[in-house]
Structure formats: structure tokens, C-alpha cells
Amino acid sequence: MTLQTDLPSAPEAAVALPSPLEHLRDPRTRAALRIQQAIVAGARSFLRSDGAVEMAHPVIGPVTDPGSRGAKQVDVDYYGHRYKLMTSAILYKQASLLAFDRIFLVAPNVRLEPVETSSTHRHLTEFRQIDVEYAGATRDDAMGVAEGLVRHAVTAVVDECVDDLAVLGRDPDDLRRLVARPFARVPHGEVVDGLRRDGYPQAAGTEIEWEAEERISRRADAPFFIVGYPKGSRGFYDKESAAEPGTLLNFDLIAPEGCGELCSGSEREYDYAALVTRMRETGENPSKYAWYLDVARHGIPSSAGFGIGLERLTRWVTGLDSVWRATAFPKIAGVVSP
């Protein structure tokens, strides 16, 4: 298979990665990866006990999630057909609800991020997500599952990885405290207003910018949700609120301590006609999504779900200073690595 992208040659990135020899021998790497193992096991335990079935979704397909905040997709020459490496499993998650009412997966994703993301400490070009989708769920349901999953995973780490946390200088009591209370839910508009009062020029109808996200994360004393992003700021699959037209039934989960977004999710649009309309509104050609729209035409369930960045969650739990430290073979925009 031939990989193709339309990216120009990348300028030198702002981060220098260690060699695999250095990185894999580092006691901090080994501690972080053991903690990540406990996170995944905790997430699986939580979701399976809630009736969710683990699935394995495609790594390539004719289309993938278009809403990747400036990241480029990778094309694959698949026997003469132009396929994509998955940037997100969202379309396949919705379709999978035809088989099971509750599903999850630990999914690889590839997004060729802009080179400037190499200095954000939060972006990898190759990463994994704990992806979840529940039929019949609302946005509030999905946030409840995401909160419970994070709390359960953190508790598993605290119970099982005391020595590894000590290697990283992370206090287990601090982690317990951070997830002890219910996570607050703050409307997008309130976040924008707060940033503007602080002198940050955040635009009202857009995603929270990376620098702004880090600012609000550093001020937070616990994880919290941002809810209700404006229509047009996210993909066609985020459902619009009937009670608040122009507002999407979606959310981000923000970690404290400067780590920023851990998770994005939403209540999904599932009506065929509405999906076609939303695709056109966001500049997408519906013909690209033929297999997905065929499933929607025959009826996919209403649902809500989310994806949690596994390396981002690991970085926050471990207290590491950058997300690349939370993976064995890191890949950062503009850096050539194994």
C-alpha cells in the first residue's frame, strides 16, 4: 500500500525526542507504561461491567472523521481505491450500534498535525483513544460514563501502581482528591467570557484555542466539562440542540494542571436527511460517505459517545510534562522517528 499526503516538507519541530534506546530504558517510561496498562484495564473493567462490548474497528476506510482541527489525513492506495487512515472511529462506532447497544474500543488513530503542535505538549500524530458509544444515550448520559470511567481508571492506578507513581513523583492522595467530586459542567459561552475578561481574545463561535485551553486547565482544581460548543465548530455528527438552536449537544473534558482536553464527545446526529444537510453545511460532499449514509438511511440508533485520548489521560495521571512521554514509540509533528 502506498501512503500519500498533501503536506509540504515540514520545518524543524520544536521538540527533540530521545532515541528508542534512551526512551525505553528510562525508568519514567517504564513506570508510565505500567500505569497506562492499569488505566486500560480499569477502563475495560468499568465498561464491561456496564454492559459494553469491546470491538476492533478498521484502521483504513474510504472516509474518516473530517473534524480534526487542522490535522491532515493520510491517503492509502488500496488496490486502486483511495482510502484513509483513521483519524477517529466515530462513523464506525455509530454503525456498530446495529450489532450491540453499547460498544467500546481502544483504537489507533493517525493525524498529521500542524508542526506548531509539536510544542503544545498535548499532540501526537499517532495515538490511541478509548472510544465509547451507547445507543439511546443523551449527552448527559455520555458525560456520566466518561466521568465514571476516568474516576475508575484513576482509582485503579492509585490502588495498583504506588511504586510507579513514586518513580514519577506523583502523590496518590492528590489523584484521589482530583477525582473525588462530581465534575463541573461549564457552558462554552461562560468559558469564552471568562477568557475575554482575563484579556485572552477567544472568538465566540469557535473551538477553544490551544493556548486558551491550557490557561483554563492551569486554573482548574479538578477535571471539568465544557458543554455546548457552537454549531459550525465541530463535525456534522454532533447533534444540534432543539432547545437551543445553533448550539451542539457536545462536550470536552478538561484536565487540570495544564494538561488540557482529555476527551471529546457528543450526542450524535443519526437522521439521514439531517446528516446530509449538516454535511453540506460543513462543506463535506455526501457522496464521499456513501456506505455510512446507506447505514443511516436504513436506520442507525440515536446515541451518544466520546473518545478519551489514552496518552493524554496517561500524561495527566502520571504528572509527566508532555504527552510523548506516555507512549513507547512517540511520533510528533515534524519529527522523524521510528
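The structure this text deals with has already been given above.
Not measured: the values here are computed from a predicted model.

### Topic: the pattern of salt bridges
Using the criterion set out here, one finds 31 salt bridges in the structure. A salt bridge links aspartate 159 to arginine 176; the nearest nitrogen and oxygen atoms lie 2.9 Å apart. Placement of aspartate 159 in helix α4 (residues 139-160) and of arginine 176 in helix α6 (residues 172-178) is noted, with a sequence separation of 17 residues between them. We note a salt bridge from glutamate 281 to arginine 278, for which the minimum N-O separation is 3.8 Å. Of this pair, glutamate 281 and arginine 278 both sit in helix α9 (residues 272-281), three residues apart, roughly one helical turn. Glutamate 281 sits in the partly exposed class, given a relative accessible area of 46%. Using a relative accessible area of 6% as the deciding quantity, one classes arginine 278 as buried.

### Some details on the packing of aromatic side chains
For the structure shown, the criterion picks out nine aromatic pairs. Here tyrosine 78 and tyrosine 79 contribute two aromatic rings whose centre-to-centre distance is 4.9 Å and whose plane-to-plane angle is 70 degrees, an arrangement assigned as edge-to-face. Assessed through its relative accessible area of 73%, tyrosine 79 is described here as exposed. A network of ring pairs unites the aromatic residues Tyr92, Phe236, Tyr237, Tyr289, Trp291 and Tyr292 as a single cluster. The ring of phenylalanine 183 has arginine 151 sitting right over it, with the charged end atom 5.2 Å from the ring centre. Here the guanidinium or amino end of arginine 234 rests over the ring plane of tyrosine 229, the centre of that ring lying 4.1 Å away.

### With respect to helix α10 (residues 290-297)
Structurally, the α-helix is built with 3.6 residues per turn, so residues lying three or four positions apart point the same way. Along α10, the residues classified as buried are Tyr292, Leu293, Val295 and Ala296. Burial along α10 is one-sided: seen end-on, the buried residues are contained in an arc of 155 degrees. Elements in contact with the buried residues of α10: α3 (90-96) and α9. Directly after α10, the chain includes glycine 299, whose backbone phi takes a positive value near 105 degrees.

### Digging into the environment of leucine 320
Tracing the backbone shows leucine 320 in the segment after α11 (310-318). The exposure class assigned to leucine 320 is buried, which follows from its relative accessible area of 11%. Note: C-alpha distance between leucine 320 and glutamate 190 (130 residues apart in sequence) is 29 Å. If we skip the residues at most four places from it in the chain, leucine 320 touches Ala32, Leu168, Arg315 and Arg325.

### With respect to unusual backbone geometry
Here tyrosine 79, not a glycine, exhibits a phi torsion of approximately 50 degrees, which is positive. Along the chain, tyrosine 79 falls in the loop between β4 (75-78) and β5 (81-85). In the Ramachandran plot, glutamate 257 falls in the positive-phi region, its phi being about 65 degrees despite a non-glycine side chain. Its place among the elements puts glutamate 257 in the loop between β10 (250-255) and β11 (260-267).

### Let's talk about the packing of α4 against α11
Close contact between α4 and α11 brings their axes to 11 Å; oriented N to C, the two are set at 50 degrees. When the axis of α4 is compared with that of α11, the two are oblique. Two packed elements cross with a definite hand, and for α4 against α11 that hand is right-handed. Along its contact with α4, which presents Val150, Val154 and Val157, the element α11 presents Leu313, Trp316 and Val317. Taken together, the residues of the contact of α4 with α11 sort by class into six nonpolar, no polar and no charged.

### Observations concerning the sheet that holds β11
Within a sheet, each strand pairs with its neighbour through backbone hydrogen bonds, oriented either parallel or antiparallel. The strand order across the open sheet formed by eight strands is β2-β6-β7-β12-β11-β10-β9-β8, and the pairing between neighbours is mixed. Looking at the sheet topology across the chains shown, the edges are occupied by β2 (53-54) and β8 (184-187). Of the strand pairs in this sheet, β10 and β11 are connected by six bridges, and their pairing is antiparallel. Of the residues in β11, the one forming a bridge with leucine 253 is cysteine 263. Packed on one face of the sheet, helix α7 (residues 188-197) meets β8 and β9 (224-227) and runs near 75 degrees to β8.

### Digging into the packing of α9 against α10
Taken N-terminus to C-terminus, the directions of α9 and α10 make an angle of 150 degrees; their axes are 8 Å apart at the nearest point. Overall, the two elements α9 and α10 adopt an arrangement that is roughly antiparallel. Listed contacts from α10 to Tyr272, Leu275, Val276 and Met279 of α9 are Tyr292, Leu293, Ala296 and Arg297. In the contact of α9 with α10, the residues fall into seven nonpolar, no polar and one charged.

What counts, and at which threshold
Residues numbered from 1 in each chain as written. Predicted model: local features only at pLDDT ≥ 70, side-chain atom pairs only at ≥ 80, totals over all residues. Heavy atoms only, no water. Salt bridge = Lys/Arg side-chain N within 4 Å of Asp/Glu carboxyl O. Helix = DSSP H or I, 4+ residues; strand = E, 2+ residues; numbered from the N terminus. Buried < 20%, exposed > 50% of the residue type's maximum accessible area, 1.4 Å probe, protein only. Phe/Tyr/Trp six-rings, centres within 6.5 Å; stacked < 30°, edge-to-face > 60°. Lys NZ or Arg CZ within 6 Å of the ring centre and 35° of its normal. Arc of directions from axis to C-beta. Contact = heavy atoms within 4.5 Å. Axes fitted to C-alpha atoms, helices over the stretch in contact; angles between N-to-C directions. Parallel < 35°, antiparallel > 145°, perpendicular 65-115°, else oblique. Left-handed = near helix turned anticlockwise from the far one by under 90°. Nonpolar A, V, L, I, M, F, W, Y, C, P; charged D, E, K, R; others polar. Pairing = 2+ DSSP bridges.

Note that all results are geometric; they support no functional claim without further evidence.
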